[in-house]
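Analysis of the macromolecular model
What follows is each chain in one-letter form.
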Amino acid sequence: MARRGPGVAEATPQDIAGLLAAVRAGGRDTLLEHEVYAVLAGAGFDVPRHAFWPGGPEAAAPSALASLLDGLAGRQVVLKIASTDILHKTEAGGVAAADATTEAVLASAARVWSEVARNAPAARRAGILVTERLTPILASPAAETLLSLKLDPAFGPVVVLGLGGVLTEWFGELSDGRSTAIVRPGRVRDSLRRAAERMPAIGLLFRPSRLHPQPPLDLDVTAERLEALGRVALEFEELEVNPLLLTPDGRWVAVDGKARLAAPRPPGRRPPIRKIASLLRPRSAAVVGASATALNPGRIILRNLKRSEGVRYGHLHAVHPKEQAVEGIPCVKRIADLPERVDLAVVAVPAEAARDAIRELCASGLAESIILIPGGFAEVGRSDLESDIRAALSASREREDEGPVLVGGNCLGIVSKGQYNTFFLPQYKLPFHDASGDDLVTVSQSGAYLVSLTSNLDGIVFPRASISFGNQMDLTVADFLEYFANDDSVKVLACYVEGFKPGDGERFVELARAIRARGRRVVAFKAGKTRLGAQAALSHTASLAGDYAVARELLEDAGVVVAQTLDMFEDYVKAFTLLFDRIPPGRRLAVLSNAGFECAAVLDKLYALEPAAFGPDTLRRLRECLPAIAHADNPVDATPMATTRQFVAAVAALLEDPGVDALLVSPIPATPALDNLPPDIVGTHSENIYAAGSLPQELLRLHRESGKPMVVSVDSGRLYDDFVTVLQRGGIPVYRKIDRASRALSALCTL
C-alpha cells in the first residue's frame, strides 16, 4: 500500500474546505468525481492520475490533459462524463476507454459527449474526466474493495469498508451481511481490528494466509486513512468509492467516487434529564381522562396509582369536567385548578384533547413530568398535533424550571417497582409478583412487548423500572440510558428499540460504552432488519449498511449485548439479571446431562464458549459418583440411571473444579431416578420438589454455595413446569432447550 501514486498532488485541509465551499456556493450538493478524488487524496488515499476537461470536447483541452497523456504514453486511459445528473454513467454512454494519445482521446471524448446528449438529453454535462486505466491484482481478496462515508441519521458519521466491486451485494448475501466493517471516526483502528477478528470476510483483507503470506492490506495504514477521511465526515451525507483497486505497483487506488454534501443540522435542546427522577419516583400525581362510568385506561391508571406506595396520601388528583370524585379521588374541573404542582401528570384522553392538556401543563408549570398514553399522532399522519406538543415543551424549556419532561405518546407508561404502575391493564390480567430485578431496568419502545416480557418473566424477574417510551416525542431511549448511566446500582439495562431519533443512536452508543467500561451491561434488541437500501439511488452502501446493519455493528462495538431474536432478548435479560454477580473471568464451560443426544448437540452450539478440561481430581470424583456406564469427560453424560444423589454429586464436583468457569446442567426429567415432581396427593409417586434433598432443592443449595454461574436446561413438557418454577424463583435461569441455555451463558461470559 504505497502512500500515493506519481503525479497526484497533495491536498491540504484548507484545500478541501475551499473545494466544498465552492461546491456549495455553486448551488450544488453533489460532487463531481475529480472533486471526490481531491477529498480522498487529502485523507492520504491513492487516486488515479487524472485530468478534468471542463466543457468537454466543445472547449479547449487543458494543459493538464497533455501532461497526463505524456506520462501515460503506451498505456490506456478511461474517459467518464462529469455530470451530477447521471448516476450510472455506463448506461448513458458516458464511459469509454482509449489509447493515451491526443487523437484517440479527442475521438473518444466526442463520442462520449454526443452519446450522453442522445441518451440523457436533460442531464447537465460539466465536462469529461480522463483517468489512467488501472487493473487490480486479481488473486487478492483486496483486489476490489468498497469504501463509504455515511452520515447515519441516528448514529452520525460512520465509515464503511468491505469487499466490493461488481460482486458487492453478492458478498453481502454470502456473508449474511457481514462483508463490511462499519466503524465510527475516532475509534477506527480498534473497531477495525475487532471486525477482522469477528468477521471472516473482513479478516481476508487484514490477515495473512497460505496464498498471501503478507496481509493484502495493512490494518494500521488503512485505519490511518479512514480516520483522516472521518475528520471531514460531518460534511457529507454520503461519500462512496466502489471499487478501491489494489494494483500490482502496490497502490490502493480509489476509483469511481460519488459524494453528496450534508444539509446543515440545527442543534436541538435536550430535555432536563434530572426530571426523570420525578417520573420514576413521584410523590404527587394527577390523571387526566379517568372515566366515572367506564373502566377506561385513565380509570385503571387512577386505580393503580391509588394503590401505589410512592404517591403520598392526599396528593393524588383527577381532572374531570363534571365529577366530584372518581375512584374516591377528588376531582378538579381543569388542570389550572390543581391544588399543587405535581411530580407526575398522566394524560389519557384522545389525541386532540391530549394536545390541549399538555399545552396547559407546559404553560402552567403544574407538572414536573408527563406520561402521554394515547396514540393518534405522527404515526397515523397527525404530525400537526405532535408538532404542537413539541412546541409547547420547547417553550417551557425557556423558563428557569425548564418545563416538564414527557414520555410517549402511544405508550403504556411506567411500572416503577415499589412506587407506582400506570400500565392500563387490570392486575388480575398482568400481576406483578416480587422477584429479583432491583438491579435491572427495562426500556421498551413497544408497550405491548413490555407486557409480554413482564408476563413471561413474572415471578422470576421484576425490574426496578419497566418503561414504555412510545413515540419519543420528548424523552428518548438514550435519555433514559443517560439517566441510569451514573446509577451504579443499576447493573443491567435492557432496551427494546424500534427506531432511534436523529442523533440518538450516537448518544446511545457512547453512553453504552461508558456503562460497559464500568462493568455493567446493556442488552438490546433492535427491530427493523429489512434492507431498505434498494430504494437509495446513490450507493451500494445503503443496502449493506442500512439502519439495522449500522445499529448492530456500532452497538456491538460499544459492548452492547445485541439479541438477534426476541427469544434471545428474554433469555439474556433473565441470565444477566439472575447471574450478574457471577459473571466469570473466562469462557470454560462444563456440561452435565443425563441424555447422550444433548451431549452431542451442545458441542455444536457452544457459541463463544469453550469446553473446560477437567482436572484429575474432578475426573476421579465423577467416576466415583456416577454409574459405571456414564461418560465422565466433558460434556458429562450421567445417563438416565443417575440418581438425584449421584447427579448432585457430579454438579458439586464440576462447580469445584478451578478449570471450570461456568456450568450448564441439563437433567432430562422423565427418568424415575431423579426427584423432580411436586408431591402427588393420590400416592402415584413419592417425589417432592419442595422437600430437602430433592433435585431442585439440592441444585439451589449448590448454587447458593458456589460463586460460579449455573444455568439449567429442562427439555420436557408441562408436567415439569413446577420443577422449572422452583429453580427460577430460587435464582437459577432455566431454558427449555440446551442450545438456548448455552447461548445465554455465552452472552454472560463474553468479556
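Please refer to the structure placed before this passage.
Residues numbered from 1 in each chain as written. Predicted model: local features only at pLDDT ≥ 70, side-chain atom pairs only at ≥ 80, totals over all residues. Heavy atoms only, no water.

1. Here's the deal with helix 18 (residues 566-579)
Think of an α-helix as 3.6 residues a turn; residues three or four steps apart then line up on the same face. Defined as follows: In this description a helix means any DSSP run of H or I spanning at least four residues, a strand means any run of E spanning at least two, and both kinds are numbered starting from the N terminus. Take the number of residues in a helix, subtract one, and multiply by 1.5 Å to get its expected span. A 1.4 Å probe rolled over the protein chains alone gives each residue an accessible area, and that area as a share of the maximum for its type sets the label: buried under 20%, exposed over 50%, partly exposed in between.
With 14 residues, helix 18 should cover 20 Å at 1.5 Å per step; its first-to-last C-alpha distance of 20 Å lies within 8% of that length. Buried residues dominate helix 18, accounting for twelve of its 14 residues. Among all positions in helix 18, only Met568, Phe569, Glu570, Asp571, Tyr572, Val573, Lys574, Ala575, Phe576, Thr577, Leu578 and Leu579 are buried.

2. Side note on the nonpolar core
Short version of the rule: The criterion is simple. A nonpolar core is a set of buried Ala, Val, Leu, Ile, Met, Phe, Trp, Tyr and Cys residues joined through side-chain atoms within 4.5 Å. Between two residues, a contact is recorded if the distance between any of their heavy atoms is within 4.5 Å.
Within the largest apolar cluster, 65 residues are counted, with the highest numbers of intra-cluster contacts made by Leu305, Ile371, Ile467, Phe480, Leu481 and Phe508. Here this core takes seven residues from helix 14 (residues 477-485), the largest share from any one element. For Leu305, the residues in contact, after removing those within four places along its chain, are Ala285, Val287, Val311, Leu316, Val346, Tyr420, Asn421 and Thr422.

3. Quick look at the side chain of Thr422
Where we set the bar: Any pair of N or O atoms that falls within 3.5 Å is considered a polar contact. Within protein, one atom must be able to donate a hydrogen and the other to accept it, and sequence-neighbouring residues count only if both atoms are side-chain atoms.
Mapping Thr422 onto the fold places it in the loop between strand 19 (420-421) and strand 20 (440-444). We classify Thr422 as buried; its relative accessible area is 0%. Among the polar contacts listed, one links the side chain of Thr422 to the backbone nitrogen of Ile414, at a separation of 2.8 Å. Filtering out sequence-adjacent residues up to four positions away, Thr422 remains in contact with Ile301, Leu305, Val346, Ile371, Ile373, Leu412, Gly413 and Ile414.

4. Quick notes on the pattern of salt bridges
Our working rule: Salt bridge criterion: a side-chain nitrogen from Lys or Arg within 4 Å of a carboxyl oxygen from Asp or Glu.
Overall, the coordinates contain 61 salt bridges when judged by the stated rule. The shortest N-O distance in the salt bridge between Glu235 and Arg24 comes to 3.1 Å. Of the two residues, Glu235 is situated in the loop between helix 8 (219-230) and strand 8 (236-246) and Arg24 in helix 1 (residues 13-25); the sequence distance between them amounts to 211 residues. A relative accessible area of 32% places Glu235 in the partly exposed class. With a shortest N-O distance of 3.5 Å, Asp434 and Lys417 are connected by a salt bridge. In this pair, Asp434 is assigned in the loop between strand 19 and strand 20 and Lys417 in the loop between strand 18 (414-416) and strand 19, connecting sequence segments 17 residues apart. Residue Asp434 is classed as exposed on the basis of its relative accessible area of 63%. By relative accessible area, Lys417 is classed as buried at 18%. When salt bridges with common partners are traced through the structure, they connect Arg184, Arg187, Arg194, Glu506, Glu510, Arg513 and Asp557 into a single cluster.

5. Overview of helix 8
Here helix 8 spans 16 Å end to end across twelve residues, near enough to the 16 Å set by a 1.5 Å rise per residue. Among the twelve residues in helix 8, nine count as buried, and that is most of the element. Every buried residue of helix 8 is accounted for by Leu219, Thr222, Ala223, Arg225, Leu226, Glu227, Ala228, Leu229 and Gly230. Structurally, helix 8 contributes buried residues whose contacts are with helix 2 (33-42), strand 5 (144-152), strand 6 (156-163), helix 6 (188-198), helix 7 (200-206) and strand 9 (252-254).

6. Considerations on the packing of aromatic side chains
Test applied: Here a Phe, Tyr or Trp ring, Trp counted by its six-membered ring, pairs with any other such ring whose centre lies within 6.5 Å, and the pair is stacked when the planes are under 30 degrees apart, edge-to-face when over 60, and tilted otherwise. Here, a charge over a ring means that NZ of Lys or CZ of Arg falls within 6 Å of the ring centre while also lying within 35 degrees of the ring normal.
The final tally for this structure, using the stated rule, is nine aromatic pairs. Taken together, a centroid distance of 5.9 Å and an interplanar angle of 55° make the contact between Tyr449 and Phe569 tilted. Taken together, the residues span a long stretch of sequence, with Tyr449 in helix 13 (residues 447-456) and Phe569 in helix 18 at a distance of 120 residues. Looking at Phe569, the relative accessible area reads 1%, which means it is buried. Among the aromatic residues, those joined into a cluster by ring pairs are Tyr449, Tyr496, Phe525 and Phe569. Lys574 extends its terminal NZ or CZ atom over the ring of Tyr735, reaching a point 4.5 Å from the ring centre.

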